[in-house]
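Structural features, examined
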Amino acid sequence: MYKNATYKWLFRSFMCVLFIGAVLTTFSVFTNFPFSTIHVQDMNGKAFHEQDRSIPGLTVPTYTLMEEELDTTEYNRVHVTATGYTAGVESTGKYPGDPAYGITFSGLPVLRDSYSTVAADPSVFPLGTVLFIPGYGYGVVADTGSAIKGMKLDLYYDSIDDVFNEWGKKDLDVFVIKEGTGSITQEELNALNERTSYHEFKRTRET
């Protein structure tokens, strides 16, 4: 009797697995959705969904680091000291609930995205300047700071842990992709982050 009950339990479990598999297969066929994916992140933490290489007939895109894609010889190189900052009291002296919390000098909210908000000395990098910062990505000058004078940058991160784990303080060369006009609007920043390519900016080389 014990063996019979065990057999029935195993049989029912097996049938349940077959049923679930059949449902998932039917869903995949009708929706063309692959259940197995590989999550690939770029340098900015944005996740791409690369389809499973084991599925026959699928073309798998290849992603490379932004430094490898950008021809830096096309742009002016500037040596800076770059630190990281957050919107919190440790960086800005402001707490959540303060009307100015998370708001940059330009009036835009801080942002970590494909094109992130960064702070600079506007006499060196005017507001709206687009920089490529190796290891960080693209930065758009939207903020200033009392300690950010001369050849210094402050790169926005969402948390203190991100600042320490991903950046800290570095001396490095950055590349001026587009010089700013002294202002930056939310619409302009949104348009940058809606670009289909990271590297649509091209500067005419001086002869």
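Please refer to the structure higher up on the page.
In short, a report on the structure.

Overview of the layout of surface pockets
Taken as a whole, the largest pocket encloses approximately 330 Å³ of empty space. Around the largest pocket, the lining is made up of 22 residues, and of these Tyr85, Ser91, Thr92, Asp143 and Thr144 lie nearest the centre. Elements that contribute at least two residues to the lining of the largest pocket include exactly strand 3 (76–85) and helix 3 (89–92). Of the residues that constitute the lining of the largest pocket, the class distribution is ten nonpolar, nine polar and three charged.

Some thoughts on the nonpolar core
Of all hydrophobic cores here, the largest spans 24 residues; its most connected members are Phe125, Ile133, Tyr136, Leu153, Leu155 and Trp167. Taken together, the elements giving at least two residues each to this core come down to strand 3, strand 4 (115–120), strand 5 (130–133), strand 7 (152–156), helix 4 (160–167) and strand 8 (169–178). Counting residues per element, this core draws most heavily on strand 3, which supplies four residues. Among the nonpolar cores identified, the runner-up in size contains 14 residues, and Ala142, Ile177, Leu189 and Leu192 belong to it.

Some points on the pairing of strand 4
Within strand 4, six of the six residues are buried, which leaves the element mostly enclosed by the surrounding structure. In this sheet, strand 6 (residues 137–143) lies alongside strand 4 in parallel orientation, the contact comprising five bridges. Residue pairing across strands places Val118 opposite Val141, the latter belonging to strand 6. Bridge count for strand 4 against strand 7 is three bridges, and the pairing is antiparallel. In the strand pairing of strand 7, Ala119 is matched with Asp154.

Some words on the environment of Val110
Within the fold, Val110 resides in the loop between helix 3 and strand 4. By relative accessible area, which is 19% here, Val110 ends up buried. Spatially, the C-alpha atom of Val110 lies 8.8 Å from that of Asp158, the residues being 48 residues apart in sequence.

A look at the packing of aromatic side chains
Applying the stated rule across the entire model yields five aromatic pairs. Aromatic pair Tyr136 and Tyr157: ring centres 5.3 Å apart, planes at 75°, arrangement edge-to-face. Here the residue Tyr136 occupies a position in the loop between strand 5 and strand 6, and Tyr157 occupies one in the loop between strand 7 and helix 4, the gap between them amounting to 21 residues. Residue classification places Tyr136 among the buried positions, given a relative accessible area of 0%. Seen from their ring centres, Tyr136 and Trp167 are 6.2 Å apart, and the 75° between their planes marks the pair as edge-to-face. Residue Tyr136 is located in the loop between strand 5 and strand 6, and its partner Trp167 is located in helix 4; the two are separated by 31 residues in the primary sequence. Comparing Tyr136 with Trp167 shows no difference in burial state: the two are buried. Here the aromatic cluster, defined as three or more aromatic residues joined through ring pairs, consists of Tyr115, Phe132 and Tyr138. One residue, Arg112, lies across the ring of Tyr136, its end atom 3.8 Å from the ring centre. Lying across the ring of Trp167, Lys170 places its NZ or CZ 4.1 Å from the centre.

Parameters at a glance
- Counting restarts for each chain, with residues numbered from 1 along the sequence as it is written.
- Selection of residues for local features in this predicted model requires a pLDDT of at least 70, selection of side-chain atom pairs for listing and counting requires 80 or more, and totals for whole chains, interfaces and linings are taken over all residues.
- To get the side-chain values, take all heavy atoms of the structure and skip hydrogens and water.
- Buriedness of a pocket was judged along seven lines, with at least five required to meet protein on both sides within 12 Å; pockets are open sets of points on a 1 Å grid over the protein atoms alone, cavities are sets where a 1.4 Å probe fits but cannot get out, and lining residues have an atom within 4 Å of a point.
- Grid points are joined across faces, edges and corners, and a volume is the space filled by probe spheres set on the points.
- Numbering of helices and strands runs from the N terminus, with a helix taken as a DSSP run of H or I at least four residues long and a strand as a DSSP run of E at least two residues long.
- Three classes are used: nonpolar for Ala, Val, Leu, Ile, Met, Phe, Trp, Tyr, Cys and Pro, charged for Asp, Glu, Lys and Arg, and polar for all others, with Gly counted as polar.
- Among buried residues, those of type Ala, Val, Leu, Ile, Met, Phe, Trp, Tyr and Cys that are joined through side-chain atoms within 4.5 Å constitute a nonpolar core.
- Summary of the burial criterion: residues with accessible area below 20% of their type's maximum are buried, those above 50% are exposed, and those between are partly exposed, where the area comes from a 1.4 Å probe applied to protein chains only.
- Following DSSP output, two strands are said to pair if at least two bridges run between them.
- Stacked, tilted and edge-to-face are the three classes assigned to paired rings of Phe, Tyr and Trp, where Trp is represented by its six-membered ring and a pair needs centres within 6.5 Å; plane angles under 30 degrees give stacked, over 60 edge-to-face, the rest tilted.
- Charge over a ring is defined by NZ of Lys or CZ of Arg lying within 6 Å of the ring centre and within 35 degrees of the ring normal.

Fair warning: the whole summary comes from geometry, so function is off the table for now.
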